[in-house]
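Survey of secondary and tertiary structure
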Amino acid sequence: MPRYAQLVMGPAGSGKSTYCSTMVQHCEALNRSVQVVNLDPAAEHFDYPFMADIRELIEVDDVMEDDYLRFGPNGGLVFCMEYFANHFDWLEDSLGHVEDDYILFDCPGQIELYTHLPVMKQLVEQLQKLEFRVCGVFLVDSQFMVESFKFISGVLAALSTMVSLEVPQVNIMTKMDLLSKKAKKEIEKYLDPDMYSMMDDSTDVLKSQRFQKLTQAICGLIDDYSMVRFLPYDRSDEESMNIVLQHIDFAIQYGEDLEFKEPKDFEEEKPSGFDEFFQDQVDE
Ligand SMILES: Nc1nc2c(ncn2[C@@H]2O[C@H](COP(=O)(O)OP(=O)(O)OP(=O)(O)O)[C@@H](O)[C@H]2O)c(=O)[nH]1
Ligand SMILES: [Mg+2]
């Protein structure tokens, strides 16, 4: 039986830890058992129970305080993640070998982890070795998406993660509950990839014509290939959480194995029936 994993990624403060805690509560209400693993060695506060915590292995503060290493917070985090990649046996021991389990991995917010460092890809490969079906969940804060050039940078960050990890990915716009009615309407165009090329920036931030043209050209490219789309995530709206969960479940085929059992049982009877029939014919 496979196991299921969501890698919850995204820029700093995009709402990854909040997503994990609200998703666990949502799943509990649906009678589904979901666990969380903290992979952020700099994390301090959690409002969810976790099954494993990377800080048992290594913590950013220890790396920064080390007289020999002398890292700052970002370099320290990269060091921690590389150390983690060299000690995946810790992860294997912490996860155990429970079939059919469903785990959310709360990742750190440094964007370089998703764009060019190899550690996330190594983590995906390790999880696949442990029989996990992995779905990337990339979070972007909806507050930053109201101007088109900011939206493009969100799209490109999501795209570069998708390309480097090579697993199905669901992109999510978080904190929708903070948007006003007007902003919600405004943001609808960002939720429909067919509209990307038509995006027109109404703010006067984009004064340079060439910058505007570049934005439009990138939007056109994304639109032509329908490469990236976003789902809204509103933690105060069960329906929006359900839609996100359904997309992820579909991407990792959660529950498919259960549906397979019935037809298999039915088909197993058929061949033996045919065999008996043909055996009878031979006997005659
Ligand atoms: N209103 C609202 N606030 C949110 C939501 N998601 C996150 N927040 C707030 O945004 C802040 C950052 O959220 P976190 O969940 O810690 O974000 P994160 O991505 O885990 O941050 P890092 O781990 O530091 O990268 C917190 O103050 C949260 O309460 C949301 O859906 N709605
Ligand atoms: Mg966090």
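Our structure's up above, just so we're on the same page.
Residues numbered from 1 in each chain as written. Chains lettered and ligands numbered in written order. Predicted model: local features only at pLDDT ≥ 70, side-chain atom pairs only at ≥ 80, totals over all residues.

Details of the site of ligand 1
Taken together, 15 residues sit near ligand 1, with Gly15, Lys16, Ser17, Thr18 and Gly109 positioned nearest. Ranked by residues supplied to the shell around ligand 1, first place goes to helix H1 (residues 16–29) with 3 residues. Here the shell around ligand 1 is composed, by residue class, of 2 nonpolar, 8 polar and 5 charged. (Near = placed C-beta within 6 Å. Helix = DSSP H or I, 4+ residues; strand = E, 2+ residues; numbered from the N terminus. Nonpolar A, V, L, I, M, F, W, Y, C, P; charged D, E, K, R; others polar.)

Observations regarding the pairing of strand E5 (residues 132–141)
Extensive coverage of E5 is indicated by the burial of 8 of its 10 residues. Where strand E1 (residues 3–9) and E5 come together, 7 bridges link them in parallel fashion. When the bridges of E5 are listed, Gln6 appears paired with Cys135. (Buried ≥ 20, exposed ≤ 12 C-beta atoms within 10 Å, placed from the backbone. Pairing = 2+ DSSP bridges.)

Overview of the nonpolar core
Among the nonpolar cores identified, the biggest contains 56 residues, and Ala5, Leu7, Val8, Leu104, Phe105, Val137 and Ile172 are the most heavily contacted of them. A total of 7 residues in this core trace back to one element, the largest contributor, which is E5. With sequence-adjacent residues up to four places away left out, Val8 is seen in contact with Lys16, Tyr19, Cys20, Leu104, Phe105, Asp106, Cys107, Val137 and Leu139. (Core = buried A, V, L, I, M, F, W, Y, C linked by C-beta atoms within 7 Å. Contact = placed C-beta atoms within 7 Å.)

All we've got here are geometric facts, nothing functional implied.
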